[in-house]
Amino acid sequence: MMPELSFNIDHGYLEGLVRGFKCGILKQTDYLNLVQCETLEDLKLHLQSTDYGSFLANEPSPLSVSVIDDKMREKLVVEFQHLRNHCLEPLATFLDYITYSYMIDNIILLITGTLHQRPINELISKCHPLGSFEQMEAIHIASTPAELYNAVLVDTPLAPYFIDCISEQDLDEMNIEIIRNTLYKAYLEDFFNFCKNLGGATAEVMCEALAFEADRRAFIITINSFGTELSKEDREKLYPCCGNLYPDGLSKLAQAEDYDQVRQVAEYYASYKELFEGAGTNPGDKTLEDKFFEHEVKLMKHSFMHQFQFGVFYSYVKLKEQECRNIIWIGECVAQRHRAKIDSYIPIF
Amino acid sequence: MGSLLRSEEMTLCQLFLQSEAAYTCVSELGELGLVQFRDLNPDFNAFQRKFVNEIRRCEEMERKLRFLEKEIKKDGIPMLDTGDNPDAPAPREMIDLEATFEKLENEMKEVNANSEALKKNYLELTELKHILRKTQTFFEEAEFHNRQAMHDPYLGEETVGLLGEEAQQRGRGLRLGFVAGVILREKLPAFERMLWRACRGNVFLRQAEIDKPMEDPVSGDQVLKSVFIIFFQGDQLKSRVRKICEGFRATLYPCPETPSERREMSLGVMTRIEDLNTVLGQTGDHRHRVLVAAAKNIKVWFIKVRKIKAIYHTLNMFNLDVTQKCLIAECWCPCADLDRIQQALQRGTERSGSSVPSILNRMSTKQEPPTYNRNNKLTKGFQNLVDAYGVASYREINPAPFTIITFPFLFAVMFGDMGHGLIMFLFALWMVVREKQLQAKKIDNEIWTTFFGGRYIILLMGAFSMYTGFIYNDIFSKSLNLFGCQWHASNNEYTQAVLDHGKLFQLNPNGSYYGSPYPLGLDPIWSVAVNKIAFTNSLKMKTSIILGVSQMFFGVSLSLLNHRYFKNPLNIFCEFIPQVIFLFCMFGYLCILVFHKWVNYTSAEAGTAPSLLIGAINMFLFHYPVPKDGQVGVSDGQKGFQGFLVVVAVLCVPWMLFAKPFLLRYQQRYGQKRRKFDVLLGDINGESEVAFASPHTRYTETDIQFKHQHLSVNSGDLINHSDPEAEVTHHNDVGGSHHVEEEEEKVFDFPEVMINQSIHTIEYCLGCISHTASYLRLWALSLAHAQLSEVLWTMVMRIGLGFSGFVAPFAIVIIFAGWACMTVVILVLMEGLSAFLHALRLHWVEFQSKFYKGEGYMFQPFSFEDILDHGGEEK
């Protein structure tokens, strides 16, 4: 009864902390200053006056974008680990769920890498540290999905998601992509149910966020599948069934054959209609992906309006990730002296 | 002394610095620490400013120094802190410094890379050594089991050691391959599980722990590792095992199969380790030499680099002149120190070798100057107490000098106990006496710095507590009989028979009191009386009212000084006078009654004394009941006087409320007419009406400085100095920046003034009543303190005194320890803290609300000392 009453006993400190962290997210004025930078050194100088503080102070001089990326990521990871180390159930499981998506990405990255005969050390350094797990580095011994499951993944929390993929024959590009999406589908549905069972404001906020995530994946899968050998039935199997599109929208999407048909499906949903209408491929237009990101940022900001719920943790990680993408985008534009598109970052606050 | 009563007179100055002399001048000013620069380019980003490259170079140097410092700390070499304070080096020396650091860093990096490679090599060799040693035992065991199995026919196949059996049987038939390696110990369980799963149980793993932790060459941490050896069959399994090993970052080493080869190899390894050890020693020595040399200078280098950086930060706030020849700065500085600043500028110019002098030039402005109080180490603590509430408005009366006495005194009234006061005093005295040593230690503990920062406050609080404790005659809840008690029980009245009869006796003051009071403080007889609390309560309550009312009177009269200083006669007549009258009519009179009651009633008439509380209530109700028998009623004259006081007090309220706003409105209407007239005459004379009208000594045009300035600036905008408008805004023209000055003349808004005044009046009138009541906390806390210490004595110490026999000495030692600890923790620390907070509140709310605005902002001079104290996180 009334979980809000006792929420602060267990999670109040961390919620306060994460709300404090949120205040450090760069504002529009910061971005305006950042896009004026001439060199990466300028970028560093400005970032030093923000919440990032002296995170680049100990880096020797010719600065590269990847160093900035690493350091920003490191900062996020340190903050996340701090939260994770101080939390209690059910927040602990919730935070673990957040890391699962990074684990999926890492697994796929490693499998693809080994498929292309890259050395494992090089791949490991590219993995997101939030999604690292012990058996990760031994992933390249597996040559079939079944082996992957039996040898590597069976001990990880991803094991239950993987069961659907064991039947695949071998690991090629196509199958890897299918594995990724199947894993994601299972993961999203599981996370969705978990949040739903938590109930209260958490369910309210998180179900909305995860439903959007699921729908976004469904759209992207459909659009990306045009022109590949993926059959419509297979495609339908990859759609996560926890979004707003489920079930009618998904079955229509499964039948779609080109972009316009996808767009027609989106017409039925007010929020997605807007996104599709705003997107375009002409120069100056925003891409559909950016539109989705913008919508995500909106949702995430919205979740900070609710009290006594875990959505803020998820939102913080997502917003921080968006911020990293923004800074990297600006950094790349500055580094490559390609300033024409420097403004197409996605402002957060 | 006057300097502490009001903040320093400040002036806004404009500095014209020749570009080549700017650096040295700012450096001199930084050493001086008396100038607060204003940022003239607030709209520029950090990286758009002029000296951003220099700052970047400084940051780079700092990074190198931090790197060196880290290395020095890693080796545990003490860093020499001579405490000397080198001047900021000249800009050209920066290149030398950079080169030095660059060289050192590269050298260090090279040494590190070398030693890392060597260490890695060393680690590999030691691991190999361990592998050879451990595998030797594996193989020997296998050999042993083998023989045992052969010698013991009863042993079934299952019971024979797995390795022995397999190694023998398969070793002959099929080739049984093996790999040996080393892995981090914490990874071992997962590694084993993975091996089992991936190879479907077709491998055999033996492992042994390496006892000594090894050094990780990259991070330098000590890590625990284990040796393992894996047996398998076939090439496929081999590649798979190798992959898993790679995945778990296990290092594999070649391990020969026959014992003799192994022995040979281990001999080779041993000699190589020996060689490496000597080389490692040499590298270590070299590194140590480099670091020791660096450690001697690193503090000085840090100071130098930070100074350079601070100077360039400051230069970034300056404007460039149109001709690019000179930099223009604006700063606040104390008027009294203008000469020193001039001298510093002169020194700076000389040092730079520039021929054109730097120019300091006073400007007049309507902006509120910062508040700057010159404090010494004693007054600083008290100033902090005041500033924590709000920084004084410019040139307003600073309560700090009064707080120095009243704060410890009010604290002591609540904390009156000679013993506890002595403990506090001695602790503070220790801090004060060992000030220098303690300061040098630079302890970072927050609690300690709080106590240490307030050491003089604590010292005075302790001293005053001893004084009030003496007055209360309290030392650890006991009393001292220093001057002889003034009460006695006469033998005729209290005979043995009477004493046997009862337990409690009432001493009648008419018979038992000698007639002259105990010379100083409370008569010790009261400590044995059961009605002690009733007596002290009455005494302490009255004292706290008297103290409170006098402090409030004092506060109100300080407001008179403020009004006079700011030339505000209206406030004197419309606020100060009614306030004083109001306060006197209500509570001044009460205090007079208190004294009257103390002085006029002897012990014989004690029964007929009037009740003050009832009397005060009746006074306001105009209700005087017929006195009961034996009581003296209120005389008619007193009735009339009291009535008069109440009426006057009530009349003061509308006086405070309406007089000022209406007078202002009248002045405003009249003033406007006059001003129109003035404008016609061409004489702008508006400053007497502006709210901020402190006596600003304006420099006349005949001042030499201005002549200089016309010469050096050759821009016309400074010439028309007589025009106040241009004066205020001219620096904007110079810099081309856009920040707008706040409009200087407030529009008169009658409703707003009225509302403000009514808030003020209500606050004051209600405040007088509630604040007087609030001063009763002096009594309440003092009562609580006295009671607590008495309870502690009776509940703890008295038990210790009750023992008899040979247990008694031990018991008393233990119980005394407990009592002492509780005294310090509860009575001195906890009670002290609470009394401190209450004293603070009495000052902030009850005292300062009478006169203190606290709307100023702090003067934060550009000073190297501050910047260096705060280390890296400056700005």
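All values derive from a computational prediction rather than experimental measurement.

Colleague: Sorry if this is basic, but what is going on with the overall build of chain A here?
Modeller: Secondary structure summary: chain A contains 16 helices and 0 strands in total. The C-alpha radius of gyration of chain A comes to 21 Å, within 12% of the 20 Å expected for a compact globule of 349 residues. Evaluated residue by residue, chain A yields a buried proportion of 54% over its 349 residues. Put simply, chain A shows about 15,500 Å² of open surface, and 51% of that area lies on carbon and sulfur atoms.

Colleague: Can you walk me through the pairing of strand S3 (residues 177-184) of chain B in this structure?
Modeller: Regular strands have side chains that alternate between both faces of the sheet. Residues and elements named next belong to chain B. Burial analysis of S3 places 6 of its 8 residues in the buried class, the great majority of the element. In this structure, S3 lies alongside strand S7 (residues 225-232), joined through 8 bridges in antiparallel fashion. Residue glycine 177 lies in a different strand from S7, and its bridge partner there is phenylalanine 232. Inspection of the sheet shows S3 paired to strand S8 (residues 251-253) by 3 bridges, in the antiparallel sense.

Colleague: Any chance you could explain the pairing of strand S1 (residues 10-18) of chain B here in plain terms?
Modeller: Residue and element names in this part refer to chain B. Here S1 lies mainly inside the structure; 9 of its 9 residues are buried. In the sheet, S1 pairs with strand S10 (residues 326-334) via 9 bridges, with the strands oriented antiparallel. Note on S10: the bridge partner recorded for cysteine 13 is cysteine 331. Bridge count between S1 and strand S11 (residues 359-363): 5 bridges; the pairing is antiparallel. Of the residues in S11, the one forming a bridge with cysteine 13 is arginine 362.

Colleague: Can you walk me through the packing of helix H18 (residues 532-565) of chain B against helix H24 (residues 750-774) of chain B in this structure?
Modeller: Each packed pair of helices is defined by two parameters, the angle between the axes and the distance between the axes. Residues and elements named next belong to chain B. Interhelical geometry of H18 versus H24 gives an angle of 150 degrees and a closest axis separation of 10 Å. Taken together, the axis directions place H18 and H24 in an arrangement best described as roughly antiparallel. Counting all contacts with H18, which are made through Ile545, Val549, Met552 and Val556, the residues of H24 involved are Tyr764, Cys768, His771 and Thr772.

Colleague: Mind showing me how you'd approach the sheet that holds S7 of chain B here?
Modeller: All names here are of chain B. Read across the sheet, 4 strands follow the order S4-S7-S3-S8 without closing on themselves; strand pairing throughout is antiparallel. Strand pairing shows two members of the sheet lacking a second neighbour, strand S4 (204-209) and S8, which therefore form its edges. Neighbour-to-neighbour, the strand axes of this sheet turn through a mean angle of 25 degrees, independent of strand direction. Sitting on the sheet, helix H7 (residues 235-247) is in contact with S3, S7 and S8, with an inclination near 165 degrees to S7.

Colleague: Any chance you could explain the interface of chain A and chain B here in plain terms?
Modeller: By a widely used convention, the size of an interface equals the accessible area lost when the partners come together. Taken together, the contact between chain A and chain B spans 27 residues of the former and 24 residues of the latter. Here chain A and chain B share an interface that buries about 2,300 Å² over both sides, 50% of which is from carbon and sulfur atoms. When the buried area of chain A at its contact with chain B is split by residue, Leu45, Glu134 and Ile141 of chain A rank highest and sum to 24% of it. Our enumeration of links across chain A and chain B arrives at 1 salt bridge. Notably, a salt bridge pairs arginine 56 of chain B with aspartate 42 of chain A, separated by 2.4 Å at the nearest N-O pair. One can count 1 residue pair in polar contact (both at pLDDT 80 or more) joining chain A with chain B. The set of elements that each furnish at least two residues to the side of chain A that touches chain B consists of helix H3 (40-48), helix H6 (120-126) and helix H7 (145-152) of chain A. Per element, the largest residue contribution to the side of chain A that touches chain B is 5 residues, and it comes from H3 of chain A. In terms of residue class, the side of chain A that touches chain B is built from 11 nonpolar, 9 polar and 7 charged.

Colleague: Is there a simple way to explain the packing of helix H2 (residues 28-35) of chain A against helix H16 (residues 311-335) of chain A in this structure?
Modeller: Residues and elements named next belong to chain A. Two elements in contact, H2 and H16, have axes whose closest approach is 10 Å; the angle formed by their N-to-C orientations is 20 degrees. Classed by the angle they form, the pair H2 and H16 counts as roughly parallel. For the crossing formed where H2 meets H16, the hand is right-handed. Along the contact surface, H2 presents Tyr31, Leu34 and Val35, while H16 presents Glu323, Asn326, Ile327 and Ile330. Of the residues in the contact of H2 with H16, the class split is 5 nonpolar, 1 polar and 1 charged.

Colleague: Sorry, what's going on with a nonpolar patch on the surface here?
Modeller: All names here are of chain B. There is a patch of nonpolar side chains on the surface, built from Phe427, Trp430, Ile447, Phe451, Val824, Val825 and Leu829 and spanning about 620 Å² of accessible area. Going through the elements one at a time, helix H12 (418-433), helix H14 (446-453) and helix H26 (807-847) are the ones with two or more residues in the nonpolar patch. Sorting elements by how many residues they give to the nonpolar patch places H26 first, with 3 residues. Position of isoleucine 447 among the secondary structure elements: in helix H14. Taking relative accessible area as the criterion, isoleucine 447 reaches 58% and is therefore assigned exposed.

Colleague: Can you walk me through unusual backbone geometry in this structure?
Modeller: Across the junction of glutamate 89 of chain A and proline 90 of chain A, the peptide omega takes the value -5 degrees, indicating a cis bond. Along the polypeptide, proline 90 of chain A turns up in the loop between helix H4 (65-86) and helix H5 (91-115). Here the amide bond leading from tyrosine 246 of chain A into proline 247 of chain A is cis, since omega sits at -5 degrees, within 30 degrees of zero. Along the chain, proline 247 of chain A turns up in the loop between helix H11 (232-238) and helix H12 (248-255). Positive phi is not limited to glycine here, since asparagine 473 of chain B has a value of about 55 degrees. Along the polypeptide, asparagine 473 of chain B turns up in the loop between helix H15 (455-472) and helix H16 (496-501).

Colleague: What's the story with the UniProt feature "transmembrane region" (unreviewed entry) in chain B in this structure? I'm lost.
Modeller: Residue and element names in this part refer to chain B. The sites that carry the UniProt feature "transmembrane region" (unreviewed entry) are, in the present numbering, residues 409-433, 453-472, 545-564, 576-595, 607-624, 644-666 and 806-830. For residues 607-624, the helix share is 56%, the strand share is 0%, and the end-to-end C-alpha distance is 19 Å. Its end C-alpha atoms 31 Å apart, residues 644-666 is made of 100% helix and 0% strand.

Colleague: Sorry, what's going on with the pattern of salt bridges here?
Modeller: A side chain of one charge can pair with a side chain of the opposite charge if their charged atoms are brought near each other. Residue and element names in this part refer to chain B. Under the definition given, this model contains 45 salt bridges over all chains. Of the charged contacts, one joins lysine 109 and glutamate 105 as a salt bridge, the two residues approaching to 3.3 Å between their closest N and O atoms. Remark: glutamate 105 and lysine 109 occur in helix H4 (residues 91-151); sequence separation between them is 4 residues, near one turn of the helix. Owing to a relative accessible area of 38%, lysine 109 belongs among the partly exposed residues under this scheme. Between arginine 374 and aspartate 337 there is a salt bridge whose closest N-O contact spans 2.5 Å.

Colleague: What should I look at first to understand the packing of aromatic side chains in this one?
Modeller: What characterises a pair of aromatic rings is the spacing of the ring centres plus the angle enclosed by the ring planes. Counted under the stated rule, the structure contains 61 aromatic pairs over all chains. Here the guanidinium or amino end of arginine 217 of chain A rests over the ring plane of tyrosine 184 of chain A, the centre of that ring lying 3.7 Å away.

Rules of the game
Residues numbered from 1 in each chain as written. Chains lettered and ligands numbered in written order. Predicted model: local features only at pLDDT ≥ 70, side-chain atom pairs only at ≥ 80, totals over all residues. Heavy atoms only, no water. Helix = DSSP H or I, 4+ residues; strand = E, 2+ residues; numbered from the N terminus. Rg over C-alpha atoms; globule rule 2.2 N^0.38 Å. Buried < 20%, exposed > 50% of the residue type's maximum accessible area, 1.4 Å probe, protein only. Areas by Shrake-Rupley, 256 points an atom, 1.4 Å probe, with all protein chains shown as cover. Pairing = 2+ DSSP bridges. Axes fitted to C-alpha atoms, helices over the stretch in contact; angles between N-to-C directions. Parallel < 35°, antiparallel > 145°, perpendicular 65-115°, else oblique. Contact = heavy atoms within 4.5 Å. Buried area = accessible area lost by both parts, 1.4 Å probe. Salt bridge = Lys/Arg side-chain N within 4 Å of Asp/Glu carboxyl O. Polar contact = N/O pair within 3.5 Å; in protein donor to acceptor, adjacent residues only side chain to side chain. Nonpolar A, V, L, I, M, F, W, Y, C, P; charged D, E, K, R; others polar. Left-handed = near helix turned anticlockwise from the far one by under 90°. Patch = residues over 30% accessible without salt bridge, like charges linked within 9 Å, V, L, I, M, F, W, Y side chains within 5 Å. UniProt positions renumbered as here; feature names shortened; annotations may be inferred. Phe/Tyr/Trp six-rings, centres within 6.5 Å; stacked < 30°, edge-to-face > 60°. Lys NZ or Arg CZ within 6 Å of the ring centre and 35° of its normal.

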